Amino acid sequence: TAMPAHASESCPGDGTPAQFIHKMPSDPKPLENDIEKFQKCPYCGMDRKQYHHSRMLVHYSDDIADGTCSLHCAAISLSLNVDREPKGIYVADNASDSELKPLVEVEKAIFLIGSQVKGVMTKRSKIAYGSEDAAKKSQAENGGEMGNFDVALLGAYTDMSQDVSMIRK
């Protein structure tokens with residue numbers, strides 16, 4: 001059996017997680033028009049405009065940015081890019097009434113974890129709010145526990161095995 005022509009070619013990053021990262025040019029301002037710039041999640045292919053309420057953006061210190069559909073896929077980005085320092089991490093603000101949810105820094109967000117609100121790419125939802133009042137209101141209506149980004153990210157990693165199994169089915 002002959003090998004396909006491209007099979008013998010080597011690429012920078014082969015044999016490392018970098019070979020799985022989609023290639024985007026560096027961008028010092030990835031927050032500007034993030035949905036137009038990063039239309040599809042590089043890890044699952046989901047449309048970020050359709051999932052504007054759960055989308056995230058990781059801006060690494062080398063100005064490479066990763067626009068994902070959800071915390072689940074942002075967790076994948078952070079683990080694949082363990083050697084890159086995030087300059088900023090942003091999440092959709094569900095406290096906003098905007099037609100397209102704006103992004104807020106994760107440090108300023110309160111996550112409602114495990115509520116009845118349906119999650120994206122996960123069985124146990126982790127919904128971000130840019131205001132504590134909005135998070136408390138949603139908690140009163142939907143249950144769940146409030147936590148910061150570190151708690152939500154730990155939850156994403158903890159849930160990863162079950163979530164991947166659920167997504168495959």
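Remember, it's a predicted structure, so these values are computed and weren't measured experimentally.

A word on the sheet that holds strand β2 (residues 65-68). An order of β2-β1-β3-β4 is seen for the 4 strands of this open sheet, with the pairing classed as antiparallel. At either end of the open sheet lies a strand with only one pairing partner, and these are β2 and β4 (103-105). If you compare each strand with its neighbour and ignore which way they point, the axes differ by 20° on average. The pairing of strand β1 (residues 56-60) with strand β3 (residues 86-92) spans 5 bridges and is classified as antiparallel. Paired with V58 across the two strands is I89, which belongs to β3. Helix α2 (residues 71-80) rests against β1, β2 and β3 of the sheet, and its axis sits at about 15° to β1.

With that settled, consider the nonpolar core. Ranked by internal contacts, the top residues of the largest apolar core, which has 20 residues, are M56, V91, F111 and F149. Among the elements of the structure, β1, α2, β3, β5 (110-113) and α4 (149-168) are those that each provide at least two residues to this core. Broken down by element, the residue count for this core peaks at 5 residues, all from α4. With residues up to four places along the chain from it excluded, the contact list for F111 reads V91, V106, K126, I127, A128, E145, M146, G147, N148, F149 and A152.

Within the element layout of this structure, N81 appears in the loop between α2 and β3. A residue is classified by how much of its surface remains accessible, and N81, at 3% relative accessible area, is buried.

On to the pattern of salt bridges. For side chains of opposite charge, pairing can occur when their charged atoms come near one another. Taken as a whole and judged by the stated rule, the model has 11 salt bridges. Note that D27 and K37 form a salt bridge whose closest N and O atoms lie 2.7 Å from each other. Here the residue D27 occupies a position in the segment before α1 (34-37), and K37 occupies one in helix α1, the gap between them amounting to 10 residues. Owing to a relative accessible area of 32%, K37 belongs among the partly exposed residues under this scheme. Taking the shortest distance from any N to any O, the salt bridge between D159 and K126 comes out at 2.8 Å. Pair noted here: D159 is in helix α4 and K126 is in strand β6 (residues 126-129), with a separation of 33 residues, a long-range link. Residue classification places K126 among the buried residues on the basis of a relative accessible area of 12%. A network of salt bridges, in which partner residues are shared, links D34, R48 and R55.

Definitions and limits used
Residues numbered from 1 in each chain as written. Predicted model: local features only at pLDDT ≥ 70, side-chain atom pairs only at ≥ 80, totals over all residues. Heavy atoms only, no water. Pairing = 2+ DSSP bridges. Helix = DSSP H or I, 4+ residues; strand = E, 2+ residues; numbered from the N terminus. Axes fitted to C-alpha atoms, helices over the stretch in contact; angles between N-to-C directions. Contact = heavy atoms within 4.5 Å. Core = buried A, V, L, I, M, F, W, Y, C linked by side-chain atoms within 4.5 Å. Buried < 20%, exposed > 50% of the residue type's maximum accessible area, 1.4 Å probe, protein only. Salt bridge = Lys/Arg side-chain N within 4 Å of Asp/Glu carboxyl O.

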